[in-house]
Protein chains: 2
Amino acid sequence: MVEKLVYDFAEGNKDLNDLLGGKGANLAEMTNLGLPVPPGFTITTDACRVYLDTGSQPPELAAEIDEHLLKLEGTMGRQLGDPADPLLVSVRSGAKFSMPGMMETVLNVGLTDESVHGLAAQAGGDGGERFAWDSYRRLIQMFGRTVCDVPAEAFEEALDEAKRAKNAESDLDLDAGDLRGLVATFKDVFARHAGRDFPQEPREQLDLAIRAVFDSWNAERAVLYRRQERIPSDLGTAVNVVAMVFGNLGSDSGTGVAFTRDPASGRQGVYGDYLANAQGEDVVAGIRNTVSLDELEQLDKASFDSLMRAMETLEGHYRDLCDIEFTIERGKLWLLQTRVGKRTAAAAFIIASQLVDEGVISLDEAVRRVTGDQLAQLMFPTFDLSDEPERLAQGIGASPGAAVGKVVFASARAVELAGAGERVILVRRETNPDDLPGIIASRGILTSRGGKTSHAAVVARGMGKTCVCGADALDVNVASGQFTVDGTTVSEGDVISIDGTTGRVYPGEMPVQDSAVVRYFETGEVGDDALVVAVHRLLSHADERRVLKVRANADTPEDAARARRFGAQGIGLCRTEHMFLGERRELVESLILADTDTDRQLALDALLPLQRKDFEGLFTAMAGLPVTIRLIDPPLHEFLPSLEDLSVRVALAEERGEDPGRDRRLLAAVRRMHEENPMLGLRGVRLGLVIPGLFAMQVRAIAEAAASVGLAGEDPHPEVMVPLVGAVQELETVKAEALTVLDEVDNTPHTLIGTMIEVPRAALTAAQIAQAAEFFSFGTNDLTQMGWGFSRDDVEGSFFSRYLDLGIFRVSPFESIDRDGVGRLITIAVSESRAIRPDLKIGVCGEHGGDPDSVHFFHEVGLDYVSCSPFRVPVARLEAGRAAIETGGSDSR
Amino acid sequence: MVEKLVYDFAEGNKDLNDLLGGKGANLAEMTNLGLPVPPGFTITTDACRVYLDTGSQPPELAAEIDEHLLKLEGTMGRQLGDPADPLLVSVRSGAKFSMPGMMETVLNVGLTDESVHGLAAQAGGDGGERFAWDSYRRLIQMFGRTVCDVPAEAFEEALDEAKRAKNAESDLDLDAGDLRGLVATFKDVFARHAGRDFPQEPREQLDLAIRAVFDSWNAERAVLYRRQERIPSDLGTAVNVVAMVFGNLGSDSGTGVAFTRDPASGRQGVYGDYLANAQGEDVVAGIRNTVSLDELEQLDKASFDSLMRAMETLEGHYRDLCDIEFTIERGKLWLLQTRVGKRTAAAAFIIASQLVDEGVISLDEAVRRVTGDQLAQLMFPTFDLSDEPERLAQGIGASPGAAVGKVVFASARAVELAGAGERVILVRRETNPDDLPGIIASRGILTSRGGKTSHAAVVARGMGKTCVCGADALDVNVASGQFTVDGTTVSEGDVISIDGTTGRVYPGEMPVQDSAVVRYFETGEVGDDALVVAVHRLLSHADERRVLKVRANADTPEDAARARRFGAQGIGLCRTEHMFLGERRELVESLILADTDTDRQLALDALLPLQRKDFEGLFTAMAGLPVTIRLIDPPLHEFLPSLEDLSVRVALAEERGEDPGRDRRLLAAVRRMHEENPMLGLRGVRLGLVIPGLFAMQVRAIAEAAASVGLAGEDPHPEVMVPLVGAVQELETVKAEALTVLDEVDNTPHTLIGTMIEVPRAALTAAQIAQAAEFFSFGTNDLTQMGWGFSRDDVEGSFFSRYLDLGIFRVSPFESIDRDGVGRLITIAVSESRAIRPDLKIGVCGEHGGDPDSVHFFHEVGLDYVSCSPFRVPVARLEAGRAAIETGGSDSR
């Protein structure tokens, strides 16, 4: 039941942006602060949603608009469409989340063939005449385009024609008479395209304009924008109906934008642009050059001072950088919009830290105002653009980073060149799953089609690979091995540079600079760089406030050491399978081909000292901190050649009359071990239960390594983690074997035995499993794969982009935890296992451990730690702090 | 906290079998019925479990035994070990579930070198001497074997030696002196093997015997038996200490077994065997021939009459067939044991129906007394064994049915011969995953090793294929293509017959007879066969009582018609993918290879009329009943040749300088569509959302078929089911498209649109999905695969037998629903979706729909229907009725 569909500005406030949109809520806030805001009212998003769902406005709406319009007319002392002294209004969209330029606005609503004369008279003099006809032609133009889909060019051509006729440079050179003629022409254009005359009933103009703003929510560009920005598609927009004020009433009028501090650097001061004798759209159109606010001070000291006072009020009130749109009408300042201003990632940290110094906000608040995504941006290398070079093209920054390499057009060629040690950039019109090998081989991907949800973008983000999409000026010709852009031709082998953050493409090799923030993490030295100082300060505070510990996923001593420098408090996941690759592959083959217990044990015995050495390095690098080692997880045939390769090799050898030799034996083994769905096959704990001695060898290596590191005076904290457990009996069986081994090795330090929770059934029976486990670690990758029933490798390239386009996902569930489904499994497991074993240590070691949204979720459900890649550790630290502050700070974990 | 560890027989009753074991509970029941039971007491399973868990008896136990022993001595007027007139007791195991012969019993406890004389005196005369020494040597023999692990052969050799010395045929020919000598020999044997003298303290004998019975719970054979019979391993056994009565006191004594009616046919009358002058173990040992109970009437009319009265009392009390063990001691009848008797599947139905006729039980009770497993047994073909032929061997009946075929020893050979149209039986020592193709190609599998949980057994049961395991007399020589058994040699190509129910193996071709029960289902004719009459009666009553509807999974009109004859109330799952095979495969290839929208649409247009025809047949066969059609589910590359085959074909063609032609294009497509884990890839609803027009074509075919069948005067009830939905948005998108198509086709009858719930996330978000679905059908196969994270095809052969051996599964979760994990997903989905949409129709169409245990679960959680293979429909009907009766009958569904 919809309660109230229209709010006067005096009735709202900034917290009602769900209902009133960002613009409406802030207009209300400013009104209540006593700032000079033109009076008006806001039609709620509720009304819009009813309209969008049912195709017609809620029946109560018309009467509510009547009532508020009457009040507005009373306040202004004018009536809409009054021939003598008309009230004009603007009709502006305003959604909850800013969607700049995506939706519609109609100005000057209320002008008709009659009232244009009244407006002229009220404005006064010859200037008044010109102003009135100019305002009228603008109304017909915007209304025609917005409400009746009249092509913009039709009006522009008519305007150009009028200027040509007058030999005018600018539309300012057109006089009142010219504009009066233009109005007549525009009305003809309108009638021809819209199939009706321009409406002369002001109330009809208003209603149609409101409806057009509602409709613009579903305009194609708005839909695309929301998808890219992950804004829900069902919010709808509010509509603001505001009394017009005019910046185009002469040289004592004008319009501008202002910032309360520099949105790029965060410096305090007066920043903004002003354009005299203009309406808002002129600033955007860039038809004349704007001036700085310092010049406004010269032009109109009184208005400038008012603006300064208003800015002070706003920063004091919002306690943050604000940006403002204003109009000066004959020396009187009006504020048309304000919001907390957008800023760069670096400025976000610097401003937040400054505001603390100024005593405006607390450190808690400062931490809340920066995000892990911003911190992550600051950790990518960037191009050193001290003097910004000429760009080759501009696309969409789809996956951040700075990549330099030779252009290639075919996946196979990318693989070939990369194999020869070259850095390559794969350039395609768009990519498809066939291009995967090329994407993997390349430093970066550049496409001429598709946006942030295209195949290339999704896959590249998944791999952390730099990607620029939708550089639509590129004409890519794969056959000829060239692309052209604005007359420049780039051929295969030419070097280009692409910036995955800004979407910019440069010719040649641009110098890449490392991130100052990463340098700080690596060295621990803060120095006097304002950004590094701010990052250090806020991250340190986040560390103080967070209750989630942050560990890293690391398989080598080098990764472990780096993770420790980045702030990791242990290893949450050491994958042991990489330790079976390289020169050890042959031992694994022997293990697999073993026909007898003796042969198998020989292979295991040979692996034991190698594994022990691996673990010694890890325990040393992480001395004093926990190291969670996962027993071998993937199917063994991953260590063998592929069935396809072997089949062809054996068939060809036989065809040539040669002896396939060992290949034949390997092929038999690979065939025997072939699984249709290896992810759902013989792996993890199942391997350990089927292959005698495999897990025991690993546990022994862990125990011996920990014992020797301990004897060397370090302090190892081993944790043995069993993968893929679905039933407590599996864990019990492995645990019994592991305890025996731990018991046999002298000087083994206290070693926890726990399990991954990555199979849905494990989450559903967590209360049983908790009876045998000393810790849980959620494997959110597998939990997502099995919970949704899709394999990441197979589906990200095949249907994820389609799913993102259809809005089935707002974001890939591999990137950010799916709260409703996978998250629910986690909630069930945490609450039911803790009910059985309150001291159970619970963490997460999937890639979600480094994702900001997911970190908040893990904090909310009460995990003890998250574990993520070393590079994401600072992001997780920051977001864990933010999550703790948001939920009211520390608890007893 | 353990309350009470020992119960006097007078303190128990038949419902305490958890605590007292089946034997103890029934002894108590008989005692309280006033029947002649020797006095005694039962030590509880609680006491046993404490002993098994901790390795020592609960501290209170000794005192409780003292107390009850004292009371028993009072009742009997004798004391344990009294030299003049000793009380002797038997110490018998007795678990909750009958485990015949698996655990231990010790008789005659209380005899010592002294009290043997007292016993002789009490028994009287020369017969008394002989009786006492015979009893003593039996005690030493059983006690030695059971308590001290003295090898049985050691005693047997000594006995044989004594008989040889006396030139005796039977041990009855040994006189008191001989037996006295034998006791001395036995005591030597005992001391030599046990490392101690035979205990002369009766109370020590008793304690050790009790402990030995406890230990026998974990004897190897008992563990194996429990695993095969799916008896939980943690129940423990009770121990019954009973005053001895003696059937070996002369010709006026004896021992026997009796049934209150014929356990094979169910006929009423007097059935049983009697052996004069013997103890229980002599009957089992078969050393002398037993006589029928009619002869007992001649020998000892009084005892016979007592037995008849006792049997009448028992049947009246238990209201079922009882079997009884009894002993007559010098003309006085003693009952040593009773239980509700085991019976064949056919007898179960016949007896239950008879008891209704006799007014003993209600029809509800009769339905509860038969099981779906029994009904399923009655539906397999059997060998016609009117004159039972000579057997070749005896194994374990691991998967029921009667299979005849030529012997083969290699998987490849089985495939080859089956391909040539031969019926084959695969014979192996044991099978492994390499044998899968051969198992699939064979009529039956015979192995010489392994039991009901071996690889062969698990795989064969999964496929419904006849299997006999562990025929250990077979000497299988794969290399020479022969097996020998008892001197007979069977070579490859020879015909044998195997019975998967009884485990029997016959030479040559045995005549197979179809099941009379199936004939009744097929024809609907009851006739006068007692079994068919009983099945008809009980199944009809189950139909009356059940609230679950039963549908069938059927893809063809023939299957649908058969299912209808078997009682199906609709089709719960029609898989459309088989409709894309055969001659249509080429169209599917064209669909997959289509480069343009036009080519794709051409392929779809060609498929449309074929699909329409498929559906017309189904709607006609199921007129008036619902037909649920699942839109195409499997990955499209399943319709293409395998990557391995194509790679080899293309490589060989190129090697030979030939043009691979279309194969090259196919290979590219197969490579592009190759998925590491196709089960978790592009299939189900994902296909429908990615391939434009595919689902629309299917929905159009359904609508047009339903319309044309409707116009022909039939009454089609189509239900469109979307597979693999994980998020409500997927269903909404498909539903919108489907509704458009349904709207476009004239005369479409009302058509429901619903979804499978087979992805864990679908169950977890069922409340959301219910908003878009008109019905749910649980796909418990996929739900099990994804919930556990294993793929049935990959794992049943690779680690399931190991998991069953380790006790991780008690039964495969693909066979019977995993209540804790998968079942919990179902419970969540049902309760949360019904909260949103109380009228949501919910069923299940996985193979669990025909599994008895699972049907009970589906009834309990409140589903509307189960759907299973046509052959399982009667089983599901019966079990649904039983489930309804057990939970108190019909509710409002």
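Residues numbered from 1 in each chain as written. Chains lettered and ligands numbered in written order. Predicted model: local features only at pLDDT ≥ 70, side-chain atom pairs only at ≥ 80, totals over all residues. Heavy atoms only, no water.

**Section: the environment of Ala276 of chain A**
In plain terms, the rule: Numbering of helices and strands runs from the N terminus; a helix is a DSSP stretch of H or I covering at least four residues, while a strand is a stretch of E covering at least two.
Structurally, Ala276 of chain A can be placed in strand β9 (residues 268-276). For the pair formed by Ala276 of chain A and Thr255 of chain A, sequence separation is 21 residues and the distance between their alpha carbons is 6.3 Å.

**So, the pattern of salt bridges**
Counted only if it meets this: Only one rule defines a salt bridge in this text: a Lys or Arg side-chain nitrogen within 4 Å of an Asp or Glu carboxyl oxygen. Relative accessible area decides the class of each residue, using a 1.4 Å probe on protein chains only: under 20% of the type maximum gives buried, over 50% gives exposed, and in between gives partly exposed.
Scanning the entire structure with this criterion turns up 110 salt bridges over all chains. Arg339 of chain B serves as the salt-bridge partner of Asp323 of chain B, at 3.3 Å between the closest nitrogen and oxygen. Highlighted residues: Asp323 of chain B in strand β11 (residues 322-329) and Arg339 of chain B in strand β12 (residues 332-340), separated in sequence by 16 residues. Given the relative accessible area of 11%, Asp323 of chain B is considered buried. Note that Glu719 of chain B is salt-bridged to Arg551 of chain B, the shortest N-O span being 3.2 Å. Of this pair, Glu719 of chain B sits in strand β29 (residues 717-722) while Arg551 of chain B sits in strand β26 (residues 549-553), placing them 168 residues apart in sequence. Here the salt bridges do not stand alone but share partners, grouping Asp320, Arg343, Glu365 and Arg369 of chain A into one network.

**Looking at the nonpolar core**
For clarity, the threshold we go by: Side-chain atoms within 4.5 Å are what join buried Ala, Val, Leu, Ile, Met, Phe, Trp, Tyr and Cys residues into a set we call a nonpolar core. For this analysis, residues touch if any pair of their heavy atoms sits within 4.5 Å.
Ranked by internal contacts, the top residues of the largest apolar core, which has 293 residues, are Phe349, Phe778 and Ile826 of chain A together with Phe349, Phe778 and Ile826 of chain B. Apart from residues lying up to four places away in sequence, Ile826 of chain B is in contact with Phe778, Thr780, Leu783, Ile817, Phe857, Phe858 and Val861 of chain B. In this structure, Leu5, Tyr136, Leu179 and Ile210 of chain B belong to the second largest nonpolar core, which totals 60 residues.

**Description of the pairing of strand β7 (residues 237-243) of chain B**
Residue and element names in this part refer to chain B. Quick note on the threshold: Being paired, for any two strands, means DSSP has found at least two bridges between them.
For β7, the buried fraction is high: seven of the seven residues fall into the buried class. Burial along β7 is two-sided: Thr237, Val239, Val241 and Ala243 and Ala238, Asn240 and Val242, pointing in opposite directions, are all buried. Note that strand β2 (residues 40-43) and β7 share four bridges and pair antiparallel. The partner of Thr42 across the bridge, within β7, is Asn240. By the bridge criterion, seven bridges tie strand β5 (residues 89-95) to β7 in an arrangement that is antiparallel. The residue of β7 that forms the bridge with Val91 is Val241.

**Digging into the side chain of His455 of chain A**
Residues and elements named next belong to chain A. Cut-off, in case you're wondering: Each polar contact in these results corresponds to two N or O atoms within 3.5 Å; when the atoms are within protein, one needs to be able to donate a hydrogen and the other to accept it, and residues that are neighboring in sequence are counted only if both atoms are side-chain atoms.
Within the secondary structure, His455 sits in helix α18 (residues 455-463). Judged by its relative accessible area of 7%, His455 falls in the buried class. At 2.6 Å, the side chain of His455 and the side chain of Thr431 are in polar contact.

**Considerations on the packing of helix α27 (residues 694-711) of chain A against helix α28 (residues 728-744) of chain A**
Residues and elements named next belong to chain A. Where we set the bar: The axes are straight lines fitted to the C-alpha atoms, using for helices just the contacting stretch, and the angles between their N-to-C directions are given from 0 to 180°. Oblique is the label for any angle not under 35 degrees, not over 145, and not in the 65 to 115 range, which are roughly parallel, roughly antiparallel and roughly perpendicular in turn. Handedness of a crossing is defined here by the sense of rotation of the near helix relative to the far one, left-handed for an anticlockwise turn of less than a right angle and right-handed for a clockwise turn. Charged residues are taken to be Asp, Glu, Lys and Arg, nonpolar residues to be Ala, Val, Leu, Ile, Met, Phe, Trp, Tyr, Cys and Pro, and polar residues to be all remaining types, Gly included.
Following both chains from N to C, one finds α27 and α28 inclined at 40 degrees, their axes separated by 9 Å at the closest point. Between α27 and α28, the angle is such that the two are oblique. When you trace α27 past α28, the crossing you get is right-handed. Mapping the contact onto sequence places Phe695, Ala696, Val699, Arg700 and Ala703 in α27 and Val734, Glu737, Ala738, Val741, Leu742 and Glu744 in α28. For the contact of α27 with α28, the class distribution of residues is eight nonpolar, no polar and three charged.

**So, the pairing of strand β31 (residues 775-778) of chain A**
Residue and element names in this part refer to chain A. Residue alternation in β31 divides its side chains into two sets, Phe775 and Ser777 and Phe776 and Phe778, and both sets are buried. Pairing analysis gives three bridges linking strand β30 (residues 752-757) to β31, with the strands arranged parallel. By the bridge assignment for β31, Ile757 is matched with Phe778. Sheet topology places β31 next to strand β32 (residues 841-844); four bridges connect them, and they run parallel. Bridge assignment links Ser777 to a residue of β32, and that residue is Gly843.

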